[in-house]
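# Working through the structure, step by step
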Amino acid sequence: MHSGENKKPISQIVFFIVLGAVCWSLTACQEVDTLKREVWNKLQSKLKPKSQFAPRDGITITACSLHQTANDYSEVIRKIPAETSVHLIDKVGEWYRVRMRDGREGYLKLKVIGGEDIILLTTELRRSIEGMPVQAEGMTKTKANFRLQAGREYEVIEVLPPDRKLEVYERVVTVRRSNPGGGATRGRPAGQAGAAEEPPAHTDLGSDDVKKDVWYKVKIEDGRVGYIYTHNLRLTPPDDIARVVPFMRMVAWRTVNTTDDQDRGAMNNYIVAYAPIGKDPGCDYTRLYFMNWSKRRVISWQLRLNGVLPIGAYQFEGKPGFSVRYLHPSKPDRLVLASFVVSSGRVRKVGEEEIPNNREIR
């Protein structure tokens, strides 16, 4: 009797299980398929790495060392100059695994590598000075922040030490507002740039709300081109023209031709640009002097103008000269390009034309 009573509930349970399975299969096939897909997608996402490194090209922004492994203390394969092209294969912590053009592979720190934006900037900077005469020579007088764009808000690529020699090509003026916050330093917080960029106290830079920062576009000894704040740089003109014009600030100089001196040999003759000391004239320079050699250094020609660097090279009928740009006296959107030749110590204008003024801030 007990065995019959036990079989009845078991058969009922089996019946309901089968019935439920049939109902499920008839009414929930679509939900089951959806559930299967969701489970499969979750499994795939678990199996895939969270991030995949996309190989790409890069460039070294400073001189650095290629290491055997991703470790500061590993063997150094070779020293690499700044602005060397590399192919980035993978990222390992704070390092890139890279391949050089000669096929060698190793590891470089992330902070010494720039991507497409840096490649573009360095290429544009190099092209911008192609064929342009050097305007002045100088050296860093303090630690100087080296940037690829003029402005405190841009990255500091490297902090140059004092007495680093450089060539000057252009002067750039930017607007600085109150509490700019400082420029970001690659690999370090903005406040740790390492070079002061405050203007000297006597410089008249405008109102309290809007001030101007002045930068030089320079090429440093390893060939890199970038920008340095003018206060951190001192020009180094030739000794015989350094003190010819008192009470003015020398901005640029260029050799135009030479004079043969019986006692001293070939002596350079210079076109030299000056600006007022302690004032913002709204241009790069306000006076041009031709400094000729005639047994001693003399000024044989001068011109007042609101000049804009660079001072270019020029020749006319086989005679050497120079070209200058200056602000148009009545058209803010135009410059005047004037050309001069030098003969027997005398300067003569041979041409003049209007050109667009692409410099927004002066």
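Parameters and conventions
- Residues numbered from 1 in each chain as written.
- Predicted model: local features only at pLDDT ≥ 70, side-chain atom pairs only at ≥ 80, totals over all residues.
- Heavy atoms only, no water.
- Helix = DSSP H or I, 4+ residues; strand = E, 2+ residues; numbered from the N terminus.
- Buried < 20%, exposed > 50% of the residue type's maximum accessible area, 1.4 Å probe, protein only.
- Contact = heavy atoms within 4.5 Å.
- Areas by Shrake-Rupley, 256 points an atom, 1.4 Å probe, with all protein chains shown as cover.
- Pairing = 2+ DSSP bridges.
- Polar contact = N/O pair within 3.5 Å; in protein donor to acceptor, adjacent residues only side chain to side chain.
- Phe/Tyr/Trp six-rings, centres within 6.5 Å; stacked < 30°, edge-to-face > 60°.
- Core = buried A, V, L, I, M, F, W, Y, C linked by side-chain atoms within 4.5 Å.
- Axes fitted to C-alpha atoms, helices over the stretch in contact; angles between N-to-C directions.
- Salt bridge = Lys/Arg side-chain N within 4 Å of Asp/Glu carboxyl O.
- pLDDT = per-residue confidence, 0-100.

Scanning the protein chain from terminus to terminus reveals three helices and 21 strands. Looking at the protein chain as a whole, 40% of its 362 residues qualify as buried. Put simply, of all contacts in the protein chain between residues at least 6 apart along the chain, 55% involve residues at least 24 apart. Counting every atom, the protein chain has about 21,500 Å² of accessible surface; 51% of that belongs to carbon and sulfur.

On to the environment of G115. Position of G115 relative to the elements: it lies in the loop between β7 (113-114) and α3 (116-128). Along the sequence, G115 and L88 sit 27 residues apart, while their C-alpha atoms lie 9.6 Å from each other.

Here the focus is the pairing of strand β17 (residues 285-293). Look at any regular strand and the pattern is simple: side chains alternate between the two faces of the sheet. In terms of residue burial, β17 counts as a mostly covered element, since nine of its nine residues are buried. Taken together, the five bridges between strand β16 (residues 265-276) and β17 define a ladder with antiparallel strand orientation. Pairing of Y274 across the sheet is with R287, part of β17. Bridge count for β17 against strand β18 (residues 297-316) is eight bridges, and the pairing is antiparallel. By the bridge assignment, W293 is partnered in β18 with R297. Taken together, β17 and the strand that follows it, β18, pair antiparallel across an intervening segment of three residues, in which K295 is found at a positive phi of about 70°.

Let us now look at the side chain of T60. Locating T60 in the fold gives a position in strand β1 (residues 56-60). A polar atom in the side chain of T60 sits 2.9 Å from the backbone oxygen of P81. At 2.8 Å, the side chain of T60 forms a polar contact with the backbone nitrogen of T84.

What follows covers the packing of aromatic side chains. Under the definition given, this model contains six aromatic pairs. Ring geometry for F322 and F340: centres 5.2 Å apart, planes at 20°, overall stacked. You can see F322 sitting in strand β19 (residues 319-327) and its partner F340 sitting in strand β20 (residues 334-343), a full 18 residues away along the chain. Residue F340 is classed as buried on the basis of its relative accessible area of 4%. Ring-pair connections join several aromatic residues into one group, and the members of that group are W301, F322 and F340.

Assignment of secondary structure puts Q135 in the loop between α3 and β8 (136-140). Taking relative accessible area as the criterion, Q135 reaches 0% and is therefore assigned buried. There is a polar contact of 2.6 Å between the side chain of Q135 and the backbone nitrogen of I311. Setting aside anything within four residues of it in sequence, one finds Q135 in contact with V168, Y169, A252, W253, R254, L309, P310 and I311.

This paragraph deals with the nonpolar core. Ranked by internal contacts, the top residues of the largest apolar core, which has 58 residues, are V218, Y285, L288, I311, F322 and V324. The element contributing the most residues to this core is β16, with six residues. With sequence-adjacent residues up to four places away left out, V218 is seen in contact with F146, L166, E167, V168, R224, V225, G226, I228 and L233.

With that out of the way, let us pick up the sheet that holds strand β15 (residues 248-261). If you trace the seven strands from one edge of the open sheet to the other, you get β15-β16-β17-β18-β19-β20-β21, paired in antiparallel fashion. Edge positions in the open sheet fall to β15 and β21 (346-356), since each of these has one partner strand only. Averaged over all neighbouring strand pairs, the angle between strand axes comes to 35°, with direction disregarded. Bridge count for β20 against β21 is ten bridges, and the pairing is antiparallel. Across the sheet, the residue bridging to V342 is V347, located in β21.

Turning our attention to the pattern of salt bridges. For the structure on display, the rule yields 17 salt bridges. A salt bridge links E83 to R126; its shortest N-O distance comes to 2.8 Å. Of this pair, E83 sits in the loop between β3 (76-80) and β4 (85-92) while R126 sits in helix α3; the two residues are 43 residues apart in sequence, bridging distant segments of the chain. Take E83: its relative accessible area is 16%, and that puts it in the buried class. Two residues, R104 and D102, come together in a salt bridge whose shortest N-O distance is 3.1 Å. Residue classification places R104 among the partly exposed positions, given a relative accessible area of 38%. A network of salt bridges, in which partner residues are shared, links R78, D102 and R104.

Summarising the model, the protein chain shows a mean pLDDT of 84, and 77% of its residues fall at 70 or more. In this model residues 187-192 is a low-confidence stretch, pLDDT under 50, and it forms eight contacts with partners more than four residues away in sequence or in other chains. Below pLDDT 50 for its whole length, residues 201-208 participates in ten contacts with residues either more than four positions away or in separate chains.

The next point concerns unusual backbone geometry. Here L309 and P310 are connected by a cis peptide whose omega angle stands at 5°. Relative to the helices and strands, P310 resides in strand β18. Positive phi outside glycine occurs at E83, with the angle close to 60°. Even without being glycine, D163 reaches a positive phi, approximately 70°.

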